[in-house]
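Here are the chains, one letter per residue:
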Amino acid sequence: MAKQKVSKVQFMDGALVDAVVTLFLAGDLASGNYNLTRLFVMKNDGNWFHWDFGSVVVSVCAMGEPRRLFAMGRDGKIWYKGSGVDPVEECIADAGTGKGKYGYLTQIRAVAGDVYACGDGGQVYKRTAQGWRHIDEGVLEKGHVDKPNCHNGIDGTGPTDIYVVGEYGRIFHFNGKRWENVSFATNSHLERVRCKSPDEVYICGGNGTLLQGNRHGWEMIGDTEMVDHIWDLEVFNGKIYLAVEDTIMVYEKGEVHRVDTKLRPPIDAYHWGSRVGMLWSFGENDLAHYDGERWVRVIHPDNL
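As the structure is a prediction and not an experimental result, all values here were calculated from the model. (Residues numbered from 1 in each chain as written. Predicted model: local features only at pLDDT ≥ 70, side-chain atom pairs only at ≥ 80, totals over all residues. Heavy atoms only, no water.)

Asker: Before we go on, may I ask you to explain the overall build of the chain in this structure?
Answerer: Secondary structure summary: the chain contains 0 helices and 28 strands in total. A globule of 304 residues ought to have a C-alpha radius of gyration of about 19 Å, and the chain, at 18 Å, matches this closely. Structurally, the chain occupies a C-alpha span of about 50 × 45 × 35 Å along its principal axes. In the chain, buried positions account for 54% of the 304 residues. (Helix = DSSP H or I, 4+ residues; strand = E, 2+ residues; numbered from the N terminus. Rg over C-alpha atoms; globule rule 2.2 N^0.38 Å. Buried < 20%, exposed > 50% of the residue type's maximum accessible area, 1.4 Å probe, protein only.)

Asker: Just checking my understanding: could you explain the nonpolar core for this structure?
Answerer: Judged by nonpolar contacts, the single largest core of 16 residues is most densely connected at F24, L39 and W79. Going through the elements one at a time, β2 (21–29), β3 (37–43), β4 (48–53), β5 (57–63) and β6 (68–73) are the ones with two or more residues in this core. Dropping the residues within four chain positions of it, W79 is found in contact with F24, L39, W51, F53, L69, F70, A71, P87 and V88. (Core = buried A, V, L, I, M, F, W, Y, C linked by side-chain atoms within 4.5 Å. Contact = heavy atoms within 4.5 Å.)

Asker: What am I meant to see in the layout of surface pockets here?
Answerer: Taken as a whole, the largest pocket encloses approximately 650 Å³ of empty space. Around the largest pocket, the lining comprises 29 residues; the ones closest to its centre are A15, L16, A62, R194 and S274. Contributing elements (two or more residues each) for the lining of the largest pocket: β1 (9–16), β5, β9 (105–111), β17 (190–197), β21 (230–236) and β25 (271–275). Within the lining of the largest pocket, the residues separate by chemical class into 11 nonpolar, 7 polar and 11 charged. Here the second largest pocket defines a volume of roughly 530 Å³. If you trace the second largest pocket, you find 23 residues lining it, with M12, V58, L105, T106 and Y270 closest to the centre. Secondary-structure elements contributing two or more residues to the lining of the second largest pocket are β2, β5, β9 and β17. The residue inventory of the lining of the second largest pocket, partitioned by class, reads 11 nonpolar, 6 polar and 6 charged. (1 Å grid on protein atoms, 1.4 Å probe; cavity = no way out; pocket = protein on both sides within 12 Å on 5 of 7 lines; lining within 4 Å. Points joined across faces, edges and corners; volume = space filled by probe spheres on them. Nonpolar A, V, L, I, M, F, W, Y, C, P; charged D, E, K, R; others polar.)

Asker: So what exactly am I meant to see when it comes to the pattern of salt bridges here?
Answerer: Close approach of charged atoms lets side chains of opposite charge pair. Counting across every chain of the model gives 10 salt bridges. D52 is the salt-bridge partner of R38, the closest N and O atoms lying 2.6 Å from each other. One end of the pair, R38, is in strand β3; the other, D52, is in strand β4, and 14 residues separate them in sequence. By relative accessible area, which is 40% here, D52 ends up partly exposed. Close ionic contact of R127 with E90 constitutes a salt bridge, the shortest N to O distance being 2.6 Å. Taken as a pair, R127 in strand β11 (residues 124–128) and E90 in strand β8 (residues 88–91) lie far apart in primary sequence, 37 residues in all. Assessed through its relative accessible area of 24%, R127 is described here as partly exposed. E90 gets classed as buried once you look at its relative accessible area, which sits at 18%. A single network of salt bridges, built from pairs that share partners, joins R109, D155, R194 and E234. (Salt bridge = Lys/Arg side-chain N within 4 Å of Asp/Glu carboxyl O.)

Asker: Sorry, what's going on with the pairing of strand β12 (residues 131–134) here?
Answerer: The two faces of a sheet get side chains in turn, since along a regular strand they alternate between them. Judged from the 4 bridges that link them, β11 and β12 form a sheet pairing that is antiparallel. Note on β12: the bridge partner recorded for T128 is G131. Here β11 folds back onto β12, and the loop between the two strands holds 2 residues. (Pairing = 2+ DSSP bridges.)

Asker: Where do I start with the environment of M42 in this structure?
Answerer: In this structure, M42 sits in strand β3. Counting along the chain gives 10 residues from M42 to D52, while the straight-line C-alpha distance between them is 15 Å. With residues near it in sequence (within four places) discarded, M42 still touches V21, T22, L23, N47, W48, W280 and V298.

Asker: For this particular structure, what's the right way to read the sheet that holds β1?
Answerer: In a beta sheet, neighbouring strands pair by backbone hydrogen bonds and run either parallel or antiparallel. Reading across the sheet, the 4 strands line up as β1-β2-β3-β4 and stay open at both edges, with antiparallel pairing between neighbours. If you trace the sheet from one side to the other, it starts and ends with β1 and β4, each paired once. Along the sheet, successive strands turn relative to each other by an average axial angle of 25 degrees, direction set aside. Pairing of β1 with β2, which is carried by 7 bridges, proceeds in the antiparallel orientation. For F11, the partnering residue across the bridge sits in β2 and is G27. (Axes fitted to C-alpha atoms, helices over the stretch in contact; angles between N-to-C directions.)

Limitation: the analysis is restricted to geometry and does not speak to function.
Rendered as structure tokens:
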């Protein structure tokens, strides 16, 4: 686990961990190897540590008690570190490009103590004691199609309540046995889904798409005049925070408006994370947290 400063970092994704390790992040080195990702942890004392991983990491997730960190390369390589042990590499054999593979992966997510991943071609996987296994019968595409079923985001409340969202407005729900198409009437590409409960689910994506509902139906709650792309969302203190084309916006009381963090220069936004009492924004160039009263920028030491 190295500590030295090497290169300016742009962040691809982040996750909140526990009371000891505050952040787990995947970064792209501005002057580094394209096929290498630097993985960081920031401890609650402000100290940073990192590991290098030979894959293009597109998504990370974390779980506590015991601490487990996962970084997913788009090619199916999975970096895994348990508490107090060295990192190991796992592999989703069918992911990536080449003969017999289904395409790149897009997101990894922890759901109720299990870990899931999704990606191009309708791929969905669950991590088990026997390794990563397909749970995508009925949505996995095994041949050429005109409009590929690419899953961009995954979330759920448990093994019998999992959603994936993706291109052309597609939304699928898994009840533990089979997938059901529960799509909304839009051709906009959907990016992320967040499940606060089985009945309270939010989805965001292109052309300002912001949906609320569940497998039984969806309502468009966003600004119908909005054309910007919403990359991610998080529910915090009863409001829905949006990462919109590098800008932080919020949905509250039926309206979407820009958030003035009072930070100068303004911070960008790409992905979100939250724990009780704290919201984190993971932008490509900026990290910041919000306690409901004040936004605070956090600068990685390599970016000073």
